[in-house]
Amino acid sequence: LGTCKRPRHLQLTPDGKQLLVACSESNQADVIDLATRKSVRRFSLGDNPEAFDISPDGKTLYVSQEDEGTLIFVDAATGKTLQTVPVGKEPEGVKVTRDGKTVYVSSEVANLVHVVDVASAKLLKNIKVGKRPRRFALTPDGSQLWVTNELDASVSIIDTQDHTVAGTLR
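Residues numbered from 1 in each chain as written. Predicted model: local features only at pLDDT ≥ 70, side-chain atom pairs only at ≥ 80, totals over all residues. Heavy atoms only, no water.

### Notes on the overall build of the protein chain
Basically, it comes down to this: The helix and strand labels rest on DSSP assignments: H or I over at least four residues marks a helix, E over at least two residues marks a strand, and numbering proceeds from the N terminus. It is over C-alpha atoms that the radius of gyration is taken, and the globule rule equals 2.2 Å times the number of residues to the power 0.38. Three labels apply to residues, based on accessible area from a 1.4 Å probe with only protein chains included: buried if under 20% of the type maximum, exposed if over 50%, partly exposed otherwise in between.
When its secondary structure is counted, the protein chain shows zero helices and 16 strands. On C-alpha atoms alone, the protein chain measures out to a radius of gyration of 15 Å, which is about the 15 Å that the 2.2 N^0.38 rule sets for 170 residues. In terms of overall dimensions, the protein chain has a C-alpha envelope of 45 × 30 × 30 Å along the principal axes. Expressed as a percentage of its 170 residues, the buried residues of the protein chain come to 48%.

Encoded structure:
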């Protein structure tokens, strides 16, 4: 990983050919070619990138900026920041829906899941969940978003149509 310091998150590209690694101390992404297992390029992810997800078409990265309390949209080809959306304190996990229209961001200190509309780059809603939400999983049909709540020993289940908590597993 060359100059990658403090790797915090990793994600395969939609085509499965590359691996992107968020390096929080160097504020960059390393792009690893899986065939050669070598870094093929690096680009900025802004200040202290926490986690990210990639749009279904592979063109945009959605990156949580822990220190800034923002979600940034980054052009995957150029590394240029396209949009910045204020979300809340210490954003953590990031998950984009399969249709690419919505991005969810967890706020580990506010106990919220932020709902961001991609087209308008606007915060649509905040959803109260358990203590210290961290990571996400979408159901195969995309109708539910499951959220781990680290300090609550629970998982919140969010209905992705109306953005409400449909249930909680303890």
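### Some details on the sheet that holds strand β16 (residues 164-169)
We count it as follows: Strand pairing requires that DSSP identify at least two bridges connecting the strands. Geometry is summarised by axes, namely lines fitted to C-alpha atoms with helices restricted to the contacting stretch, and by angles between N-to-C directions that run from 0 to 180 degrees.
Overall, antiparallel pairing links the four strands, which are arranged β13-β14-β15-β16 in an open sheet. Strand pairing shows two members of the sheet lacking a second neighbour, β13 (133-138) and β16, which therefore form its edges. Averaged over all neighbouring strand pairs, the angle between strand axes comes to 25 degrees, with direction disregarded. In this structure, β13 lies alongside strand β14 (residues 144-149), joined through four bridges in antiparallel fashion. Bridge assignment links A137 to a residue of β14, and that residue is W146.

### Describing the pairing of strand β7 (residues 70-75)
Along any regular strand the residues' side chains alternate between the sheet's two faces. Counted residue by residue, β7 has five buried out of six residues, so it is predominantly covered. Note that strand β6 (residues 60-65) and β7 share six bridges and pair antiparallel. Bridge pairing in β7 places Y62 opposite F73. With five bridges connecting them, β7 and strand β8 (residues 81-86) associate as antiparallel partners. Following the sheet pairing, V74 is matched in β8 by T81. In this structure, the hairpin formed by β7 and β8 is closed by a connection of five residues, where G79 is found at a positive phi of approximately 80 degrees.

### Concerning the nonpolar core
For clarity, the threshold we go by: Take the buried Ala, Val, Leu, Ile, Met, Phe, Trp, Tyr and Cys residues and link them wherever side-chain atoms come within 4.5 Å; each set so joined is a nonpolar core.
In this structure, L20, F43, L45, F52, L61, V63 and V74 are the most contacted members of the largest nonpolar core, which totals 13 residues. For this core, the elements supplying multiple residues, two or more each, are β2 (18-23), β3 (28-33), β5 (49-54), β6 and β7.

### A short note on the environment of I32
Within the fold, I32 resides in strand β3. The buried category is assigned to I32, whose relative accessible area is 11%. Sequence spacing of I32 and E92 is 60 residues, and the spatial spacing of their C-alpha atoms is 23 Å.

### Describing the sheet that holds strand β9 (residues 91-96)
Whether parallel or antiparallel, the strands of a sheet pair through hydrogen bonds between backbone atoms. Taken in spatial order, the four strands of this open sheet run β9-β10-β11-β12, and their pairing is antiparallel. In this open sheet, the two edge strands, each paired with only one partner strand, are β9 and β12 (122-128). Between one strand axis and the next, the sheet turns by 25 degrees as a mean value, whatever way the strands run. Summarising the sheet, β9 and strand β10 (residues 102-107) pair through four bridges and their orientation is antiparallel. Opposite V94, over in β10, you have V105 as the bridge partner.

### Structural notes on the side chain of H9
Rules: The definition of a polar contact used here is a pair of N or O atoms within 3.5 Å, where within protein one atom must be able to donate a hydrogen and the other to accept one, and adjacent residues in sequence count solely through side-chain atom pairs. Two residues form a contact once any of their heavy atoms are found within 4.5 Å.
Looking at the secondary structure, you find H9 in strand β1 (residues 7-12). Among the polar contacts listed, one links the side chain of H9 to the backbone oxygen of F52, at a separation of 2.9 Å. Residue contacts for H9: discarding those within four places in its chain leaves L20, V21, A22, E50, A51, F52 and R135.

### Side note on unusual backbone geometry
Excluding glycine, a negative phi dihedral is what most residues carry, and trans is how most peptide bonds are arranged. The phi torsion at N111 lies on the positive side, around 60 degrees, for a residue other than glycine. As for its position among the elements, N111 is in the loop between β10 and β11 (112-117). According to the relative accessible area criterion, N111 is buried, its value standing at 17%. Residues other than glycine seldom take positive phi values, yet H163 does so here, at roughly 55 degrees. For H163, the location among the structural elements is in the loop between β15 (154-159) and β16. H163 sits in the buried class, given a relative accessible area of 12%.

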